[in-house]
Amino acid sequence: MAIDDFRALRLIPSWDVRYFSFTDRIVAEETTPEEMKADRDLQAEERLGTIFRTVGYNDEARKILGTKGGANYYVSVLDVIGSMVHDSGDIVVADVRNEGAIPDLPPGACAEIPARVGADGPVALPVGPLPLAVRGLIPAVKAYES
């Protein structure tokens, strides 16, 4: 699937879709003759672990996270933790139980959708039915995952 296909569907695909849709480009980007991206990520994770255990989330951690794929996951996790600690009711995009937010999926299916976060954790917000172009595909993928 090309970028224009995603635009035509007016959907934002999961980050992982790039591995299936743009495999050759991703492999080329994430490997070099000297070092694999995984090696760089492992070094970054080890340094982040030290930073988080000793001083917490600081400027060095932000810099490291900005250089590696998946940096947005850390920011999201920190946002969710903050929302739970402060019972703030912030809205974040998170992987949550569907619970009827998308009527085309089973209630127990996991979906990456907007959720309101408070002291009791994230609660899925209503999204509505899936667009016709993916109404068969996404439930089939969820059935496969189950």
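The present account deals with the structure reproduced in this document. What you are looking at is a predicted structure, and each value in this text was computed from that prediction instead of being measured.

Turning next to the overall build of the chain. Helix and strand counts for the chain come out as seven helices and three strands. Ordering the α and β elements of the chain from the N terminus gives α-α-α-α-α-α-β-β-β-α. Each of the 146 residues in the chain was classed as buried or not, and the buried ones make up 26%. Counting only contacts in the chain whose residues sit at least 6 apart along the sequence, the fraction spanning at least 24 positions is 38%. Working note: accessible area of the chain is about 10,100 Å², and carbon and sulfur atoms make up 59% of it.

Our next topic: the sheet that holds strand β2 (residues 110-118). As summarised here, the arrangement of the three strands in space is β1-β2-β3, forming an open sheet in which the pairing is antiparallel. In this open sheet, the two strands that pair with only one neighbour each are β1 (90-97) and β3 (121-124). For this sheet, the mean angle separating the axes of adjacent strands, direction not counted, is 50 degrees. Bridging between β2 and β3 involves four bridges; their strand directions are antiparallel. By the bridge assignment for β3, Arg116 is matched with Val123.

Take the pattern of salt bridges next. Tallying each qualifying case throughout the model produces four salt bridges. Arg47 serves as the salt-bridge partner of Glu60, at 2.9 Å between the closest nitrogen and oxygen. In this pair, Glu60 is assigned in helix α5 (residues 59-67) and Arg47 in helix α4 (residues 37-54), connecting sequence segments 13 residues apart. A relative accessible area of 34% means that Glu60 is categorised as partly exposed. By relative accessible area, Arg47 is classed as partly exposed at 37%. Ionic pairing is found between Arg97 and Glu99, a salt bridge with its closest N-O pair at 2.6 Å.

Right, let's talk about a nonpolar patch on the surface for a bit. On the surface, a nonpolar cluster with roughly 570 Å² of combined accessible area is contributed by Phe52, Tyr57, Val75, Val77, Leu78, Ile81 and Val85. Considering every element that reaches the nonpolar patch, the biggest residue donor is helix α6 (residues 71-86), with five residues. As for its position among the elements, Val77 is in helix α6.

What counts, and at which threshold
Residues numbered from 1 in each chain as written. Predicted model: local features only at pLDDT ≥ 70, side-chain atom pairs only at ≥ 80, totals over all residues. Heavy atoms only, no water. Helix = DSSP H or I, 4+ residues; strand = E, 2+ residues; numbered from the N terminus. Buried < 20%, exposed > 50% of the residue type's maximum accessible area, 1.4 Å probe, protein only. Contact = heavy atoms within 4.5 Å. Areas by Shrake-Rupley, 256 points an atom, 1.4 Å probe, with all protein chains shown as cover. Pairing = 2+ DSSP bridges. Axes fitted to C-alpha atoms, helices over the stretch in contact; angles between N-to-C directions. Salt bridge = Lys/Arg side-chain N within 4 Å of Asp/Glu carboxyl O. Patch = residues over 30% accessible without salt bridge, like charges linked within 9 Å, V, L, I, M, F, W, Y side chains within 5 Å.

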